[in-house]
Amino acid sequence: MPVSTQYFAYGSNMDVEQMAHRCPDAKKISVATLVDYRFAINDRGVATVIPTPGVNTEGVLWSISPTDKVALDRYEGVKSGLYDCEDVQVTTATGLELALVY
């Protein structure tokens, strides 16, 4: 059985219908907070998060399959360098969670 990955969405991927289309195996876990990162629109006009002490970004924590991860990498433009992908800690109602963020 493939292992799922937790993914923190802070932009358009918070939308349930959009994620159902992009990542059919994705399951919404909960709302989550990325501590010490601020939401911004960068010079290319796309959403991003920037490390900023004292500022938090609200979002959605998803469980995604390996197939969903490949689809997200493609959609987010990881290969072309549009986004990087890294692990971060997010806070949920039940505590800290490790999650992937673009």
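Preceding block: the structure.
All values derive from a computational prediction rather than experimental measurement.

Caption draft 1: Structural context of the overall build of the protein. When its secondary structure is counted, the protein shows 2 helices and 5 strands. Starting at the N terminus and ending at the C terminus, the protein contains elements arranged as β-α-β-β-α-β-β. By principal-axis analysis of the C-alpha atoms, the protein measures approximately 40 × 35 × 20 Å. The burial tally for the protein puts 38% of its 102 residues in the buried class. Long-range pairs, those at least 24 residues apart, make up 63% of the contacts in the protein between residues at least 6 apart in sequence. Of the roughly 6100 Å² of accessible surface on the protein, a fraction of 56% belongs to carbon and sulfur atoms.

Caption draft 2: Spatial organisation of unusual backbone geometry. Phi at aspartate 36 is positive, roughly 65°, even though this residue is not glycine. Residue classification places aspartate 36 among the partly exposed positions, given a relative accessible area of 35%.

Reading the values: rules and limits
- Residues numbered from 1 in each chain as written.
- Predicted model: local features only at pLDDT ≥ 70, side-chain atom pairs only at ≥ 80, totals over all residues.
- Heavy atoms only, no water.
- Helix = DSSP H or I, 4+ residues; strand = E, 2+ residues; numbered from the N terminus.
- Buried < 20%, exposed > 50% of the residue type's maximum accessible area, 1.4 Å probe, protein only.
- Contact = heavy atoms within 4.5 Å.
- Areas by Shrake-Rupley, 256 points an atom, 1.4 Å probe, with all protein chains shown as cover.

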